[in-house]
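Read off the chains here:
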Amino acid sequence: DMQTVFNKDPIAAAQKWEEQGAKRLHVVDLDGARTGIPKNFEIVKKIAQTLSIPVQTGGGLRSEKNIKDAIAAGIDRIVLGTTAIVNPNLLGQLCDKYGDRLIISIDAKNNMVVASGWTEVSKKDAISLANEAVGMGVKRFVYTDVSRDGVLAGPNFEGIEFFVSQVSVPVIAAGGISSSEDIQKLKKLRLEGCIIGKALYTGDIKLGEVV
């Protein structure tokens, strides 16, 4: 029920981060994540077509048509969340077709997976779900501790380290990353990378410096 608008022009914001050295842009359709239907697809499409760096996106992409449309729009990777929980048979089929183009987002709170824009708590723990997904062909995860996301409280290093130690595919960390010191600590873990969000907009992290 709370939101902060940092920039009314998402295209300009995306260009700003590319100019400051971003190697990849992570875009979330928050309305889509909550409703299950993409709401900001045209904006994400325009971002992908405007930038020269790869763009990955998630939020409401819960069907193969959504994925096909995103790939056709020039989006590099598709982030799936709730789909992996409520329809594992579909996930297996999608992994067979799209392989490395898919990322599964594991959003966890107290090690339990949350879904539908964080409004529902799954009966599955994060590690069990992740290993099931790897068995179905998933090649990569984004792991987010939702209790830390957007509050600039620092990542849950212990939770991230445990998750990484339990899965056999690359992991990108997200949630609570609020300083360059946080990123230095994350570099010591077996991570592929990390997603920086709110801290860029507040100025707590200077993208050019950490890149």
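Our structure's up above, just so we're on the same page.
Residues numbered from 1 in each chain as written. Predicted model: local features only at pLDDT ≥ 70, side-chain atom pairs only at ≥ 80, totals over all residues. Heavy atoms only, no water.

Undergrad: How should I be thinking about the nonpolar core in this particular structure?
TA: One recurring pattern in soluble globular proteins is that nonpolar side chains are buried together. Residues L25, L80, I106, F141 and F163 are the most contacted members of the largest nonpolar core, which totals 57 residues. With residues up to four places along the chain from it excluded, the contact list for L80 reads L61, I67, L91, L94, L102, I103, I104 and S105. Formed by 6 residues, the second largest nonpolar core is a distinct cluster that contains V79, I103, I172 and I195. (Core = buried A, V, L, I, M, F, W, Y, C linked by side-chain atoms within 4.5 Å. Buried < 20%, exposed > 50% of the residue type's maximum accessible area, 1.4 Å probe, protein only. Contact = heavy atoms within 4.5 Å.)

Undergrad: Explain the pairing of strand 3 (residues 77-80) here, please?
TA: Within a regular strand, side chains alternate between the sheet's two faces. Burial along strand 3 is two-sided: the residues R77 and V79 and I78 and L80 are all buried. Pairing of strand 2 (residues 55-58) with strand 3 involves 3 bridges; the strand directions are parallel. Within the sheet, the bridge partner assigned to G58 lies in strand 3 and is V79. Between the parallel pair strand 2 and strand 3, the chain is carried across by helix 4 (residues 64-72), and the sense of this crossover is right-handed. Where strand 3 and strand 4 (residues 102-109) come together, 3 bridges link them in parallel fashion. When the sheet's bridge partners are listed, I78 is paired in strand 4 with L102. (Helix = DSSP H or I, 4+ residues; strand = E, 2+ residues; numbered from the N terminus. Pairing = 2+ DSSP bridges. Right-handed = clockwise from strand over helix to strand, strands pointing away.)

Undergrad: In this structure, what is going on with the packing of helix 7 (residues 126-135) against helix 8 (residues 157-166)? I would like to understand it.
TA: In helix packing, the relevant descriptors are the interaxial angle and the interaxial distance, both defined with respect to the helix axes. The N-to-C vectors of helix 7 and helix 8 enclose an angle of 35°; their axes lie 10 Å apart at closest approach. Judged by the twist between their axes, the crossing of helix 7 over helix 8 is right-handed. Where helix 7 abuts helix 8, its residues A126, I127, A130 and N131 lie against F162, F163 and Q166. Counted by class, the contact of helix 7 with helix 8 contains 5 nonpolar, 2 polar and no charged residues. (Axes fitted to C-alpha atoms, helices over the stretch in contact; angles between N-to-C directions. Left-handed = near helix turned anticlockwise from the far one by under 90°. Nonpolar A, V, L, I, M, F, W, Y, C, P; charged D, E, K, R; others polar.)

Undergrad: What's the story with the side chain of E18 in this structure? I'm lost.
TA: Following the sequence through the fold, E18 ends up in helix 1 (residues 10-19). Buried charge E18 goes without a salt bridge, the closest partner of opposite sign being K23 at 10 Å. Within polar-contact distance, the side chain of E18 engages the backbone nitrogen of I53 at 3.1 Å. Every residue in contact with E18, bar those within four places of it in the chain, is listed here: L51, S52 and I53. (Lys, Arg positive; Asp, Glu negative; His and termini not counted. Salt bridge = Lys/Arg side-chain N within 4 Å of Asp/Glu carboxyl O. Polar contact = N/O pair within 3.5 Å; in protein donor to acceptor, adjacent residues only side chain to side chain.)

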